[in-house]
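Working through the structure, step by step
These are the residues of each chain, in order.
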Amino acid sequence: MKRAGFTIVEMLIVISVIGVLMGIVTTAARNSIRDARDRRKVTMAAIIEQGMATYYQRKGRWPSALETKVQANNFDNGEYYDLQPSEVDSCFRDVVKCSTEKRNPMMDVTGLFVAPANAKSGMDFNVARQGKKKNARKLNVNEMVFGYPDKESGKFKRYGLRYSIPGDSVKVTY
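Parameters at a glance
- Residues numbered from 1 in each chain as written.
- Predicted model: local features only at pLDDT ≥ 70, side-chain atom pairs only at ≥ 80, totals over all residues.
- Heavy atoms only, no water.
- Buried < 20%, exposed > 50% of the residue type's maximum accessible area, 1.4 Å probe, protein only.
- Helix = DSSP H or I, 4+ residues; strand = E, 2+ residues; numbered from the N terminus.
- Pairing = 2+ DSSP bridges.
- Patch = residues over 30% accessible without salt bridge, like charges linked within 9 Å, V, L, I, M, F, W, Y side chains within 5 Å.
- Areas by Shrake-Rupley, 256 points an atom, 1.4 Å probe, with all protein chains shown as cover.
- Salt bridge = Lys/Arg side-chain N within 4 Å of Asp/Glu carboxyl O.
- Core = buried A, V, L, I, M, F, W, Y, C linked by side-chain atoms within 4.5 Å.
- Contact = heavy atoms within 4.5 Å.

What follows concerns the pairing of strand β4 (residues 144–149). Most of β4 sits out of view: six of its six residues are buried. Alignment of strand β2 (residues 113–116) against β4, held across four bridges, turns out to be antiparallel. Its bridge partner being in β4, Phe-113 is matched across the sheet by Gly-147. Across three bridges, β4 lies against strand β5 (residues 156–158) in antiparallel orientation. Among the inter-strand pairings, Tyr-148 is bridged to a residue of β5, identified as Lys-157. Count of turn residues in the β4/β5 antiparallel hairpin: six residues, of which Gly-154 carries a positive phi of about 80°.

Here it is, written out as structure tokens:
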């Protein structure tokens, strides 16, 4: 007797193979996204550090929030000082404002990941400035906080800033 179609066992085997292949592809894609987020975090931290160093080199002082601490020598620890989140944002804003000027910017701001204060999700700097994200208004630099997408969840996390007292240098922390 000639049959037309597939048996239930054949269909189950095909569905199982497709399921396994989908699991492999999904896992690989998820890992690629995590790795990309991590690389972006590290790259942007390095760009911000370079922008801070350029600011210091050109102006002969650190951005105002940090310079106030340096001038007062108001440090608890003899090695380094971790700035408070509001101080970090103030420093980054000073550098970004100088970097958005047409001539001679301090750093490339296009890849920065920003959010309004107390937001759980972020966006690219240019998207924030133009208000192109769904249900989002244009953000002024003074309203932005600076950070990176979390490796696991993609949620917005803020950068920190550590000032090295003996080296008179800064390190962006995450």
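Moving on, we get to the environment of Ser-32. You can see Ser-32 is positioned in helix α1 (residues 8–59). Residues Ser-32 and Ser-169 lie 137 residues apart in sequence; the distance between their C-alpha atoms is 33 Å.

Below, the discussion takes up a nonpolar patch on the surface. Together, Val-9, Ile-13, Val-17, Val-20, Leu-21 and Ile-24 line one region of the surface with nonpolar side chains, adding up to about 570 Å² of accessible area. Along the polypeptide, Ile-24 turns up in helix α1.

As a further point, take the nonpolar core. Counting residues in each nonpolar core, the largest one holds 34 residues, and the members touching the most others are Met-52, Phe-92, Leu-112 and Leu-161. Secondary-structure elements contributing two or more residues to this core are α1, α2 (64–72), α3 (85–99), α4 (125–130), β4, β6 (160–164) and β7 (169–173). Considering each element in turn, this core owes the most residues, six residues, to α3. Not counting residues within four places of it along the chain, the set of residues in contact with Phe-92 comprises Ile-48, Met-52, Phe-146, Tyr-159, Gly-160, Leu-161 and Val-172.

Tallying each qualifying case throughout the model produces seven salt bridges. The partner of Arg-40 in a salt bridge is Asp-124, and the shortest N-O contact between them spans 2.3 Å. Taken as a pair, Arg-40 in helix α1 and Asp-124 in strand β3 (residues 123–124) lie far apart in primary sequence, 84 residues in all. Overall, the relative accessible area of 25% leaves Arg-40 in the partly exposed class. The closest approach of N and O atoms between Lys-171 and Glu-49, which form a salt bridge, is 3.6 Å. A residue pair is termed long-range when its members are at least 10 positions apart, and Lys-171 in strand β7 and Glu-49 in helix α1 qualify at 122 residues.

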